[in-house]
Amino acid sequence: MSDKNKKEAKNSGLKWFPYNKGGEFRKWYGNQEYVVNWENDGEEIKKSIIERYSYLNGNPNFVAKNQELYFHKAITWSAISSGKFSIRIQGVGTIFSNAGMSAFPNDEIFNYIFAFLNSKIVLDLLKILSATINFNAGDISNLPIIFPKSSTLKSKIDTLTQECINISKEDWDSRETSWDFRTNELVRMKSEKLKMKSDVKLEDVYNAYCEYWKEKFYKLHKNEEELNKLFIEIYGLEDELTYDVPLEDITILKKEAKIENGELVFNKKEIIKQFISYFVGVLFGRFSLDKEGLILANLGETLEEYLKQIPNPSFLPDDDNVVPVLEREYFEDDIVSRFKEFVKVVFGEKYFSENMRFIENAVGDIRKYFNKEFYKDHIQRYKKRPIYWMVTSKNGAFKALIYMHRFKPDIFARVRNEYLLELIAKIESRIESLDKRLSGADTKEKKQIEKELVKLNKELKELYDFDKVLQKYANKTFEIDLDDGVKVNYCKFKEILYPISNLCKK
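In this convention, every chain numbers its residues from 1, walking through the sequence in written order. Owing to the predicted nature of the model, reporting of local features is limited to residues with pLDDT of at least 70; listing and counting of side-chain atom pairs is limited to 80 or more, with chain, interface and lining totals taken over all residues. By convention in this description, side-chain values take in all heavy atoms of the structure and omit both hydrogens and water.

A. Up close: helix H13 (residues 366-381). End to end, H13 covers just 19 Å across 16 residues, shorter than the expected 22 Å (1.5 Å per residue, more than 12% under). At Glu 373, H13 is bent by approximately 55°, the largest bend along its length. Residue burial is assigned from relative accessible area. The probe radius is 1.4 Å, only protein chains are included, and a residue is buried under 20% of its type maximum, exposed over 50%, and partly exposed in between. Runs of E in the DSSP output that reach at least two residues are strands. Runs of H or I that reach at least four are helices, and both are numbered from the N terminus. When we look at burial in H13, the residues that qualify are Ile 366, Arg 367, Tyr 369, Phe 370, Asn 371, Phe 374, Tyr 375, Asp 377, His 378 and Ile 379. The contact definition used throughout considers only heavy atoms, calling two residues in contact when any of these lie within 4.5 Å. Structurally, H13 contributes buried residues whose contacts are with helix H9 (268-284), helix H11 (335-347), helix H12 (352-363), strand E10 (388-392), strand E11 (399-403) and helix H16 (485-491). Each polar contact in these results corresponds to two N or O atoms within 3.5 Å; when the atoms are within protein, one needs to be able to donate a hydrogen and the other to accept it, and residues that are neighboring in sequence are counted only if both atoms are side-chain atoms. Where H13 starts, the residue carrying a side-chain oxygen 3.2 Å from the main-chain nitrogen of Arg 367 turns out to be Asp 365. Where H13 ends, the next residue or the one after it, Lys 383, has phi of about 50°, a positive value. The span one expects for a helix is its residue count, reduced by one, times 1.5 Å. One axis is fitted to the seven residues ending at the residue and one to the seven starting there. The bend at that residue is the angle between these axes.

This is the structure in structure tokens:
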């Protein structure tokens, strides 16, 4: 989008635009998590503002201020801080709120101002200028700016700044929750860094990941210290400040690593969890091993739409948008079976057993992980706005995942008829078989059979009870609207979906 931003946005016909509202302490790039409905120059949101605040007398611009600056490239920071100050780049096409403060230097001085505001001396200056932890535009505009006389020095600062932005953006985009996510990092390391097509040890891929990101981390650290040193010299504060930056203040890899005894230590469990989460995305067709970025992300898309984009996929997504997640393998499309297939496709069959051991060393028994932990991780990863929904009975005897973006009006009928009722039939058959074995069993075997029968009968009762609830949804057709957001849509079916704390409270 060019500098005719506001007009272009209106004429584009688009509805949702990036919305900057601050966020956690993070430097250079990131905290891009929200969108706002600004269709037709924010017509709907302006109307709601007028309706809510009668004193506006039909003037929504009283609240939606500085609209002429919307969609411009900017430097942004969080208005409220915990005591640390950090600046990030706000790309072209973004709307900002009062919580996401913004400044708009011209291109010639953009990186220089950016670097200065992220330098060590600024926080000390702000402590003098601001009596609170709130960093308002007025406080920033009052900062004294000294430009270097040397164009070479300014060029060096510009270059170091751009490197910091690039590294931080790469880190942000490495997670699947980023709008610009392309592929999982372990999958990328295998092909780009190890140049391997198949038959590779996951441990080697993981080590390549750690080596790559360790280099990026320390490069960013070195750049930040170099920028501090340059600005301290420019401002003549050599006797007042040191240029060092604590490793804890480097704001990449916050999920994937931590600082222990002055060293960067990677969190293997989180990195493997990201790989598993990516697998689930590939399983539902949201992502693909054969094409980067989003594949199926529009409401109601099917496997047919996927195959139009990727006619010969390395890994075929689930065909009916229902994936059972159970304690035992009852179905061909059981999530654990599909995961093992995925591991073989990505890393080859030669080291499959070794690779599964590496995964389970990180997250524990893989079936137990999917059954007990995966969905909790998914809810946390997507900040209580899950895109994969778990249909579940009261105590989890039945669990199945569906992908929100592939939602169809008859989805719950499919869950009931092809999975829940089938599971009930299989457990009934298992109970019948065990009952027949019981009379001829010895004492030890009899105890084992009786224990299993107690468990199965308890599960069966739970499934019968759940069927009565699910049947109400299976007998109807339902529509959802992605524009309503996850919360509204999820809460329509809260009776049969995994309960998320405080999500559906009125």
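B. Structural detail: the packing of H9 against H13. In this description, a line fitted to the C-alpha atoms serves as the axis of each element, helices being fitted only across the stretch in contact, and the angle between N-to-C directions of two axes falls anywhere from 0 to 180 degrees. For the pair H9 and H13, the least separation of the axes is 11 Å and the interaxial angle reads 90°. On the basis of the axis angle, H9 is roughly perpendicular to H13. Facing H9, whose interface residues are Lys 269, Glu 270, Lys 273, Gln 274, Ile 276, Ser 277, Phe 279 and Val 280, H13 presents Ile 366, Tyr 369, Phe 370, Glu 373, Phe 374, Asp 377 and Arg 381. Geometric relationships in this document are graded by angle, where less than 35 degrees denotes roughly parallel, more than 145 denotes roughly antiparallel, 65 to 115 denotes roughly perpendicular, and other angles denote oblique.

C. Looking closely at the pairing of E11. The buried count for E11 comes to five of five residues, which makes it a mostly enclosed element. Following DSSP output, two strands are said to pair if at least two bridges run between them. Bridge analysis of strand E9 (residues 323-324) against E11 gives two bridges, and the strand direction is antiparallel. Across the sheet, the residue bridging to Val 323 is Leu 401, located in E11. Pairing of E10 with E11, which is carried by five bridges, proceeds in the antiparallel orientation. Note on E11: the bridge partner recorded for Trp 389 is Ile 402.

D. Unusual backbone geometry, seen in detail. Located in the positive-phi region is Phe 71, a residue other than glycine, with phi close to 75°. Along the chain, Phe 71 falls in the loop between helix H2 (39-52) and strand E3 (74-78). Look at Phe 71 and you get buried, because its relative accessible area is 0%.

E. Expanded view of the sheet that holds E9. Read from one edge of the open sheet, three strands run E9-E11-E10, paired in antiparallel fashion. The two strands at the open ends of the sheet, each matched to only one other strand, are E9 and E10.

F. Region of interest: empty space enclosed by the protein. We place a 1 Å grid over just the protein atoms. Points where a 1.4 Å probe fits but has no way out form a cavity, open points with protein on both sides within 12 Å along at least 5 of 7 lines form a pocket, and any residue with an atom within 4 Å of a point lines it. Grid points are joined across faces, edges and corners, and a volume is the space filled by probe spheres set on the points. All chains considered together, the criterion is met by one cavity of 30 Å³ or more. The space that makes up the largest cavity amounts to roughly 110 Å³. Along the wall of the largest cavity there are 15 residues; nearest its centre are Asn 20, Asn 31, Gln 32, Gln 90 and Thr 94. Counting only elements with at least two residues in the lining of the largest cavity, the list comes to strand E1 (16-20) and strand E4 (87-90). Nonpolar residues are Ala, Val, Leu, Ile, Met, Phe, Trp, Tyr, Cys and Pro. Charged residues are Asp, Glu, Lys and Arg, and all others, Gly as well, are polar. Its residues assigned to classes, the lining of the largest cavity shows five nonpolar, nine polar and one charged.

G. A look at the pairing of E10. Across the five residues that make up E10, a large majority, five, are buried. Taking every second residue as pointing to the same face, both faces of E10 are buried, with Tyr 388, Met 390 and Thr 392 on one and Trp 389 and Val 391 on the other. Hairpin connection from E10 to E11: six residues lie between these consecutive antiparallel strands, with Gly 396 at a positive phi of about 85°.

H. Up close: H9. End to end, H9 covers 25 Å across 17 residues, agreeing with the expected 24 Å (1.5 Å per residue, within 8%). Of the residues that open H9, the one with a side-chain oxygen 3.2 Å from the backbone nitrogen of Lys 269 is Asn 267. Once H9 ends, the next one or two residues include Gly 285, with phi positive near 85°.

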